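Structure assessment
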Amino acid sequence: MAAIAEMPTVADPAPTKKGRSRKALKQKTASPNEANIVAETLPESSPAAAPLPEDIAGKENHESLSKKTKKGAAKGKKQQQQASEVSSFEKELQEMQEQLEKLKIEKEQTEEALKAREETLKQKEEEIETRDREQEKLKIELKKLQKMKEFKPTVTFPFGLSVKDQEQEKKDKKKNSTKKPSPPYVLWCKDQWNEVKKANPDADFKEMSNLISTKWKTVTAEEKKPYEEKYQAEKEAYLKIMGNEKREHEAMRLFEDEHKQKTAMELLEQYMQFLQEADKKDTKKAKKEKDPLKPKHPMSAYFIFSNERRAALVADNKNVVEIAKITGEEWKNMSDKQKSPYEKRAIKNKEQYAKEMEVYKQKKDEETADMKKEEEELMKLQKQEAMQLLKKKEKTETMIKKTKETLQKQKKEKKITDPNKPKKPASSFLIFSKETRKNLAEERPGINSSTVSALISLKWKEMSEEDKQVWNSKAAEAMEVYKKELEEYNKKVVAEEEAAAALMN
């Protein structure tokens, strides 16, 4: 025990390999249990076989070194693992960054697509709005047209003839129109045709016309005279008729124009009233107006029977549909004898209706005839009014012509002046403009006259009063010369007049 206690605590350093420097390991202090174990083992073993404390220390150092190498290997593995983890993390980061960039690109693309969609949606919405507006406008126009259908003017249109009536009028005019008078040669041909035909029975139309024309050349002036007189008389009558027709046509045209203006104004007033009433009230569709004088259509045998049965069925509180069903079934089940009185009544009603319709038609015919007479009288009155209007128009035209002629005569009288009379001199501005115009024409050849006049007026406005004084003095000198010449001219005129008066006396 004493030997173990006296053991050195520090062990000798273990031999190290060349090329590597390691620190010496510290000797561990032996625990009391270990010391006891060693003390027990010593007496059993021989003194020669007992291990030295130095050997024990070397073993301990070797164990500690092996532990350290193991720890270093573990650390290296850890470092390698960490490095591999770092490299894998960097790779993952790169991948994540690439994915982020891809996502950004996809986001931009989706945003652009969304913007394009929004724009298309906006365009579609605008198109829908425009369509709705157009539809609303069309609806409003349709409503207006429907209202226009309801508009029934009370204005009469006496000149609103249909196409057929106009064509018929043209045909009647052609039939009743006065023919142009035939010239004297034609009248003579009519008289001579039969005689020439008797003399030349085999001659055709061309030969006949040649023979008559040669004969006409031989006719004397005295023989031609009655045909010419006849032609002149027919011509005068024709011209009178045509003149009257033309005057009537012009008069009617004037009257039509005035009447159209009046009717247009009346129509406008009526339409404005109609629109005001339509805005105030939403008028219902008016039913077709029936003639109250027109006889009603007679009822059939079944309807006569149903009218008789209706009162009894209504007393039993039957519905309209039920009444129709009951009456229909009863009528089917009825025999011919039972139906015969109703059928006789229906036949009587039909005969009476036919008589009433004949009377009604006669009345209608009479009314139409009266309307035609009234229209003819109206046309006569309108023609008279039209002729009065034409006369007024002709009077005004003659007055205008006379006034124009008098004004022209006065102008001519004023224009006829003595050529020896001195002319008035030009003003200062005109003198300036003449000279400047020449200079501008030399400076700028091919310049427009309007631009030249504009430049002259600008220069004159920009000029000072001192510069204008030169042109004013020139104008004043010319005026003095003009006054002197005028005095001399007036003296000469007076002397000539006196001389002429003396000669007359």
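Residues numbered from 1 in each chain as written. Predicted model: local features only at pLDDT ≥ 70, side-chain atom pairs only at ≥ 80, totals over all residues. Heavy atoms only, no water.

**What about the overall build of the chain?**
- Check the secondary structure of the chain and you find 13 helices and 0 strands.
- Out of the 505 residues belonging to the chain, those deemed buried represent 13%.
- Put simply, of all contacts in the chain between residues at least 6 apart along the chain, 75% involve residues at least 24 apart.
- Entry remark: accessible area of the chain is about 44,700 Å², with carbon and sulfur atoms responsible for 54%. (Helix = DSSP H or I, 4+ residues; strand = E, 2+ residues; numbered from the N terminus. Buried < 20%, exposed > 50% of the residue type's maximum accessible area, 1.4 Å probe, protein only. Contact = heavy atoms within 4.5 Å. Areas by Shrake-Rupley, 256 points an atom, 1.4 Å probe, with all protein chains shown as cover.)

**Quick word on unusual backbone geometry**
- Backbone geometry at Asn317 places phi at a positive 60 degrees, although glycine is not the residue there.
- The residue Asn317 is located in the loop between helix H8 (301–315) and helix H9 (320–333) in this model.
- Take Asn317: its relative accessible area is 71%, and that puts it in the exposed class.

**So, the packing of H8 against H9**
- Across the interface, H8 lies against H9 with an axial gap of 10 Å and an inter-helix angle of 125 degrees. When the axes of H8 and H9 are compared, the pair comes out oblique. Regarding H8 and H9, the two cross each other, and that crossing is right-handed. Taken together, the residues of H9 that come into contact with H8 (itself represented by Ala301, Tyr302, Phe305, Ser306, Arg309, Arg310, Leu313 and Val314) are Ile323, Ala324, Ile326, Thr327, Gly328, Glu330 and Trp331.
- Split into classes, the residues belonging to the contact of H8 with H9 amount to 9 nonpolar, 3 polar and 3 charged. (Axes fitted to C-alpha atoms, helices over the stretch in contact; angles between N-to-C directions. Parallel < 35°, antiparallel > 145°, perpendicular 65-115°, else oblique. Left-handed = near helix turned anticlockwise from the far one by under 90°. Nonpolar A, V, L, I, M, F, W, Y, C, P; charged D, E, K, R; others polar.)

**Digging into the side chain of Ser428**
- Along the chain, Ser428 falls in helix H11 (residues 428–443).
- Judged by relative accessible area, Ser428 falls into the buried class, the value being 13%.
- At a separation of 3.0 Å, a polar atom in the side chain of Ser428 contacts the side chain of Asn472.
- Look past the residues within four positions of Ser428 in its chain and what remains in contact with it is Trp460, Trp471, Asn472 and Ala475. (Polar contact = N/O pair within 3.5 Å; in protein donor to acceptor, adjacent residues only side chain to side chain.)

**Considering a negative patch on the surface**
- A grouping of Asp365, Glu366, Glu367, Asp370, Glu374, Glu375, Glu376 and Glu377 is seen on the molecular surface, where their side chains present a negatively charged patch.
- Relative to the elements of secondary structure, Glu377 occurs in helix H10 (residues 336–415). (Patch = residues over 30% accessible without salt bridge, like charges linked within 9 Å, V, L, I, M, F, W, Y side chains within 5 Å. Salt bridge = Lys/Arg side-chain N within 4 Å of Asp/Glu carboxyl O. Lys, Arg positive; Asp, Glu negative; His and termini not counted. Charge placed at Lys NZ, Arg CZ, Asp CG, Glu CD.)

**Considering the packing of aromatic side chains**
- Overall, the coordinates contain 11 aromatic pairs when judged by the stated rule.
- When the ring of Phe305 is compared with that of Tyr342, the centres are 5.5 Å apart and the planes differ by 75 degrees; the resulting orientation is edge-to-face. Here Phe305 is found in helix H8, whereas its partner Tyr342 is found in helix H10, with 37 residues between them in sequence. In terms of burial, Phe305 and Tyr342 fall into one category: buried. (Phe/Tyr/Trp six-rings, centres within 6.5 Å; stacked < 30°, edge-to-face > 60°.)

**Notes on the packing of H11 against helix H12 (residues 449–462)**
- Running from amino to carboxyl end, H11 crosses H12 at an angle of 125 degrees, the nearest separation of the two axes being 10 Å. The orientation of H11 relative to H12 falls into the category oblique. Crossing of H11 over H12 shows right-handed handedness. Seen from H11, the contacting residues are Ser428, Phe429, Phe432, Ser433, Thr436, Arg437 and Leu440; seen from H12, they are Ser449, Val452, Ser453, Leu455, Ile456, Ser457, Lys459 and Trp460.

**What to know about the environment of Glu228**
- For Glu228, the position within the fold is in helix H7 (residues 221–280).
- Distance from Glu228 to Trp188, taken between C-alpha atoms, is 9.7 Å for residues 40 residues apart in sequence.

**Concerning the environment of Phe305**
- Given a relative accessible area of 5%, Phe305 falls into the buried group.
- Separated by 34 residues in the primary sequence, Phe305 and Lys339 have C-alpha atoms spaced 8.6 Å apart.
- Non-local contacts of Phe305, meaning those with residues more than four positions away in its chain, are made with Thr327, Glu330, Trp331, Met334 and Tyr342.

**So, the confidence of the model for the chain**
- Of all residues in the chain, 76% attain a pLDDT of 70 or more, and the chain-wide mean is 76.
- Averaged pLDDT values over the elements of the chain bottom out at 39 in helix H1 (residues 2–5) and peak at 86 in H9.
- Low pLDDT (under 50) marks residues 1–21, which in the prediction has 16 contacts with non-local residues, meaning those over four places away or in another chain.
- For residues 23–52, every residue scores under 50 in pLDDT, and the model assigns this stretch 18 contacts once sequence neighbours within four places are set aside. (pLDDT = per-residue confidence, 0-100.)

**A closer look at the pattern of salt bridges**
- Under the counting rule described, the total for this entry stands at 3 salt bridges.
- Close ionic contact of Lys474 with Glu435 constitutes a salt bridge, the shortest N to O distance being 3.6 Å. In this pair, Lys474 sits in helix H13 (residues 465–504) while Glu435 sits in helix H11, placing the two residues 39 residues apart along the sequence.

**Here we look at the nonpolar core**
- Counting residues in each nonpolar core, the largest one holds 10 residues, listed as Leu187, Trp188, Cys189, Val196, Ala203, Met208, Ile212, Trp216, Val219 and Tyr227.
- Of all the secondary-structure elements, those providing two or more residues to this core are helix H5 (184–199) and helix H6 (205–218).
- With residues near it in sequence (within four places) discarded, Val196 still touches Met208, Leu211, Ile212 and Lys215. (Core = buried A, V, L, I, M, F, W, Y, C linked by side-chain atoms within 4.5 Å.)

**Digging into the environment of Thr110**
- Among the structural elements, Thr110 can be located in helix H3 (residues 53–150).
- The exposure class of Thr110 is partly exposed, given its relative accessible area of 44%.

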